[in-house]
Amino acid sequence: MSALTEPKPYSRAWLLSDRPTSRRQARAGRAYVIWRRFSENRLALLGLGIILALIVVALLAPLLAPHNPVQGDLRNARLLPPGTAGYWLGTDDQGRDILSRLIHGSRLTLMVVVLVAIIAAPIGLVVGTVSGYAGGWVDAVLMRITDIFLAFPKLVLALALVAALGPGIENAILAIAVTSWPPYARIARAETLTFRNSEFIAAVKLMGASPFRIVLRHVMPLCTSSLIVRVTLDMAGIILTAAGLGFLGLGAQPPLPEWGAMIASGRRFILDQWWVAAMPGFAILIVSLGFNLLGDGLRDALDPKEAGQ
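From a predicted model like this one, the values you see are computed outputs, not experimental measurements. (Residues numbered from 1 in each chain as written. Predicted model: local features only at pLDDT ≥ 70, side-chain atom pairs only at ≥ 80, totals over all residues. Heavy atoms only, no water.)

This next bit is on the overall build of the chain. Tallying secondary structure elements over the chain gives 13 helices and 0 strands in all. Reading the chain from its N end, one meets helices and strands in the order α-α-α-α-α-α-α-α-α-α-α-α-α. Its C-alpha atoms put the chain at 75 × 60 × 30 Å along the principal axes. Taking all contacts inside the chain whose residues are at least 6 apart in sequence as the whole, residues at least 24 apart take part in 68%. Here the chain displays about 16,700 Å² of accessible surface, and carbon together with sulfur accounts for 65% of that area. (Helix = DSSP H or I, 4+ residues; strand = E, 2+ residues; numbered from the N terminus. Contact = heavy atoms within 4.5 Å. Areas by Shrake-Rupley, 256 points an atom, 1.4 Å probe, with all protein chains shown as cover.)

Structure below.
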């Protein structure tokens, strides 16, 4: 093919070429195909839109919040219903604007999700790939440790850890991360076992690569897709666990506008002033739904069976 007829970089023909001439072209083509499959799922796009909206709201919280999230007006604005005197979602028992608290609380929710994913996913990836590739007593020891963590319900173990460490958002994040990595280790180990004895791994060994390099450069990247899907699907559970800890008073402490703590403070007024507890509960529902829809879309887009069709 002459230079005049070669497709331009990042054009459709260049991205979909079955004979890529560089790693950059191969990676760009794979990303484009994944995006095409993902964009065909309308519910996945809805989930992506919800998560992008959450990120924008968290980043622009000081500009979007109409009132101070921690200071209220007990004399004039206590337990006002939605739509009263400029309080679109009403006020709580301290006279604080619920909408402003939800907007600022999105920062805490996003922080919990991101930090738990950053801590738990790499731990699970390392444990799973090392266990699956090494085998023998290393596999037995690492998997028995994983089984110990899996033997306890996640919320119960998180409660025990937070009770031992003390209440607070930092300790809650650490406790959730410690209880979240075992499923990721199981997935990474299963993926590693499928290609541990494959030809390309044998070829890399013949080239003199060390086990550390094989695991780091060749095994871990192949496990990343499945891990990303599982982490995304687990985001809703992470949010619910953080809200549960906040509801029990072991997560974020007052006056931080954490959604679970807001539900706990509003449960006393659930019959007469329903909006105090219902609004943060609705926010948790929407964000959890967004992560679930996004995870389902990523699972379909990254499925190698779908790629072969």
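What follows is about the UniProt feature "domain: ABC transmembrane type-1" (unreviewed entry) in the chain. Here the UniProt feature "domain: ABC transmembrane type-1" (unreviewed entry) sits at residues 106-295. Strand forms 0% of residues 106-295 and helix 83%; the C-alpha atoms that close the span are 20 Å apart. (UniProt positions renumbered as here; feature names shortened; annotations may be inferred.)

A few words now on the packing of helix H7 (residues 154-165) against helix H8 (residues 169-195). The geometry of H7 relative to H8 is characterised by a closest axis approach of 9 Å and an angle of 140° between their N-to-C directions. As summarised for this structure, H7 and H8 are arranged oblique, according to the angle between their axes. Crossing hand, H7 versus H8: right-handed. From H7, Lys154, Leu157, Ala158, Leu161, Val162 and Leu165 reach across to H8, where they touch Asn171, Ala172, Leu174, Ala175, Val178, Thr179 and Ser180. (Axes fitted to C-alpha atoms, helices over the stretch in contact; angles between N-to-C directions. Parallel < 35°, antiparallel > 145°, perpendicular 65-115°, else oblique. Left-handed = near helix turned anticlockwise from the far one by under 90°.)

Quick look at unusual backbone geometry now. Going from Pro254 to Pro255, the amide bond is cis rather than trans, its omega being 5°. Relative to the assigned elements, Pro255 resides in the loop between helix H10 (211-247) and helix H11 (259-266). Even without being glycine, Leu79 reaches a positive phi, approximately 55°.

The next point concerns the UniProt feature "transmembrane region" (unreviewed entry) in the chain. What UniProt calls "transmembrane region" (unreviewed entry) maps, in this numbering, to residues 43-65, 108-134, 155-178, 228-253 and 273-295. The distance separating the terminal C-alpha atoms of residues 155-178 is 11 Å; by composition the span is 88% helix and 0% strand. Taken end to end, residues 273-295 is 91% helix and 0% strand, and its two terminal C-alpha atoms sit 35 Å from one another.

Right, let's get into the pattern of salt bridges. Pairing between side chains of opposite charge can happen when the charged atoms of each approach one another. Considering all chains together, one arrives at 8 salt bridges under this definition. Its salt-bridge partner being Arg268, residue Asp93 comes within 2.9 Å of it at the nearest N-O pair. One end of the pair, Asp93, is in the loop between helix H4 (61-64) and helix H5 (98-134); the other, Arg268, is in the loop between H11 and helix H12 (275-301), and 175 residues separate them in sequence. What makes Arg268 exposed here is its relative accessible area of 57%. Between Arg189 and Asp139 there is a salt bridge, and its shortest N-O distance comes to 2.8 Å. Here the residue Arg189 occupies a position in helix H8, and Asp139 occupies one in helix H6 (residues 136-150), the gap between them amounting to 50 residues. (Salt bridge = Lys/Arg side-chain N within 4 Å of Asp/Glu carboxyl O. Buried < 20%, exposed > 50% of the residue type's maximum accessible area, 1.4 Å probe, protein only.)

Let's shift gears to empty space enclosed by the protein. Applying the stated criterion to the full structure yields 3 cavities of 30 Å³ or more. As for the largest cavity, its lining consists of Leu108, Thr109, Val112, Val113, Ile239, Ala242, Ala243, Glu258, Trp259 and Ile284. Contributing elements (two or more residues each) for the lining of the largest cavity: H5 and H10. Per-element tally for the lining of the largest cavity: the top contributor is H5, with 4 residues. Partitioned by chemical class, the residues of the lining of the largest cavity number 8 nonpolar, 1 polar and 1 charged. Lining the second largest cavity, in full, are Asp92, Arg96, Ile98, Arg101, Met262, Ser265 and Val276. Put simply, the parts of the chain that give the lining of the second largest cavity at least two residues each are H5 and H11. (1 Å grid on protein atoms, 1.4 Å probe; cavity = no way out; pocket = protein on both sides within 12 Å on 5 of 7 lines; lining within 4 Å. Points joined across faces, edges and corners; volume = space filled by probe spheres on them. Nonpolar A, V, L, I, M, F, W, Y, C, P; charged D, E, K, R; others polar.)

With 67 residues, the main nonpolar core has Val112, Trp259 and Phe291 as its most contacted residues. Examining the composition of this core, we find that 14 residues originate from one element, H10, more than from any other. In this structure Trp259 touches Leu54, Arg101, Leu102, Gly105, Ser106, Thr109, Pro280, Ala283, Ile284 and Val287, once residues within four positions along its chain are discounted. (Core = buried A, V, L, I, M, F, W, Y, C linked by side-chain atoms within 4.5 Å.)

It is worth spelling out a nonpolar patch on the surface at this point. A contiguous nonpolar patch, built from Leu52, Ile55, Val56, Leu59, Leu60, Leu63 and Leu64 and spanning about 660 Å² of accessible area, is present on the exposed surface. Listing elements by their share of the nonpolar patch, those giving two or more residues are helix H3 (42-59) and H4. Counting residues per element, the nonpolar patch draws most heavily on H3, which supplies 4 residues. Among the secondary structure elements, Leu64 is positioned in helix H4. Overall, Leu64 belongs to the partly exposed group, its relative accessible area being 43%. (Patch = residues over 30% accessible without salt bridge, like charges linked within 9 Å, V, L, I, M, F, W, Y side chains within 5 Å.)

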